[in-house]
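# Close look at the chain arrangement
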Amino acid sequence: VWLTLAAGVTAFVPGLSGAEVHTPYLNGFMDLPPGAVFWGNDEPENALTVGCWIIHISSLVEFLVAMGFAWRWADVTSNPKWKGLTWGLLPLHSSGITACTYHLFYNRIPSMVPLQAFLTCVGNTTAAYAAYRIAISNGWKSPAVLETWLGRVGGEGG
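Presented here is a report on the structure given in the accompanying data block. A quick note: this is a predicted structure, and the numbers were derived from the prediction, not measured.

When its secondary structure is counted, the chain shows five helices and zero strands. Overall, the chain shows an N-to-C arrangement of helices and strands of α-α-α-α-α. Taking all 158 residues of the chain together, the buried fraction comes to 23%. Across the chain, every contact between residues at least 6 apart in sequence was considered, and the portion connecting residues at least 24 apart equals 50%. Accessible area for the chain stands at about 11200 Å²; split by element, carbon and sulfur atoms hold 70% of it.

This is the structure:
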């Protein structure tokens, strides 16, 4: 209860007190200095900090590493369904690339937002289906309700 209350206060107080959408984090700590961007105008207020870029890029790299581990695990366990997980995660990785591209151009390409949402939705679906296939291949039996919903008989998946 207290954690929910604290989260609510931190979410509503800045909005009610007139805080700007983009305020300098820690007085601009890790922001690029003015004039550091040499390929156009100075960065707008919605530009990401260096620290935020580090998190974004390292997340993309980390995702590729995890996908590679899943691919290798398929060979280690002789279960090719793990390779399906790698393919199932590809739209989610593409969603992350889309988000970084959107931020790279300072949020000036609005069509990237629905594209990212679409890729996230597709990626969540394909990753869930790939995880389901792995579970079935390892002997998991789905409940009867799920069997009816999926239209399968006997709990064996493809």
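In this model helix H3 (residues 81–104) runs 35 Å from its N-terminal to its C-terminal C-alpha over 24 residues, within 8% of the 34 Å that 1.5 Å per residue would give. Considering bend angle alone, the principal kink of H3 is centred on Leu-90 and spans about 30°; proline Pro-91 follows within four residues of it. Immediately downstream of H3, the backbone of Tyr-106 shows phi near 55°, a positive value.

The geometry of helix H2 (residues 50–77) relative to H3 is characterised by a closest axis approach of 9 Å and an angle of 170° between their N-to-C directions. Considering the angle they form, H2 stands roughly antiparallel to H3. For the contact of H2 with H3, the residue count by class is 19 nonpolar, six polar and two charged.

Once that is clear, we can look at the packing of H3 against helix H4 (residues 112–137). As a packed pair, H3 and H4 sit with axes 8 Å apart at the nearest point and diverge in direction by 165°. When the axes of H3 and H4 are compared, the pair comes out roughly antiparallel. Remark: the crossing between H3 and H4 carries left-handed chirality. Grouping the constituent residues of the contact of H3 with H4 by class yields 15 nonpolar, 12 polar and two charged.

The next point concerns the side chain of Ser-95. Examined against the element boundaries, Ser-95 turns out to sit in helix H3. Take Ser-95: its relative accessible area is 4%, and that puts it in the buried class. What Ser-95 contacts, discounting residues up to four positions off in sequence, is Gln-116, Leu-119 and Thr-120.

This part takes up a nonpolar patch on the surface. On the surface, Ile-57, Val-61, Val-65 and Phe-69 cluster together into a nonpolar patch covering about 360 Å² of accessible area. Residue placement: Val-65 occurs in helix H2. Given a relative accessible area of 41%, Val-65 falls into the partly exposed group.

The rules behind each value
Residues numbered from 1 in each chain as written. Predicted model: local features only at pLDDT ≥ 70, side-chain atom pairs only at ≥ 80, totals over all residues. Heavy atoms only, no water. Helix = DSSP H or I, 4+ residues; strand = E, 2+ residues; numbered from the N terminus. Buried < 20%, exposed > 50% of the residue type's maximum accessible area, 1.4 Å probe, protein only. Contact = heavy atoms within 4.5 Å. Areas by Shrake-Rupley, 256 points an atom, 1.4 Å probe, with all protein chains shown as cover. Expected span 1.5 Å × (residues − 1). Bend = angle between axes of the 7 residues up to and from the residue. Axes fitted to C-alpha atoms, helices over the stretch in contact; angles between N-to-C directions. Parallel < 35°, antiparallel > 145°, perpendicular 65-115°, else oblique. Nonpolar A, V, L, I, M, F, W, Y, C, P; charged D, E, K, R; others polar. Left-handed = near helix turned anticlockwise from the far one by under 90°. Patch = residues over 30% accessible without salt bridge, like charges linked within 9 Å, V, L, I, M, F, W, Y side chains within 5 Å. Salt bridge = Lys/Arg side-chain N within 4 Å of Asp/Glu carboxyl O.

Interpretation in functional terms is not warranted from these geometric data alone.
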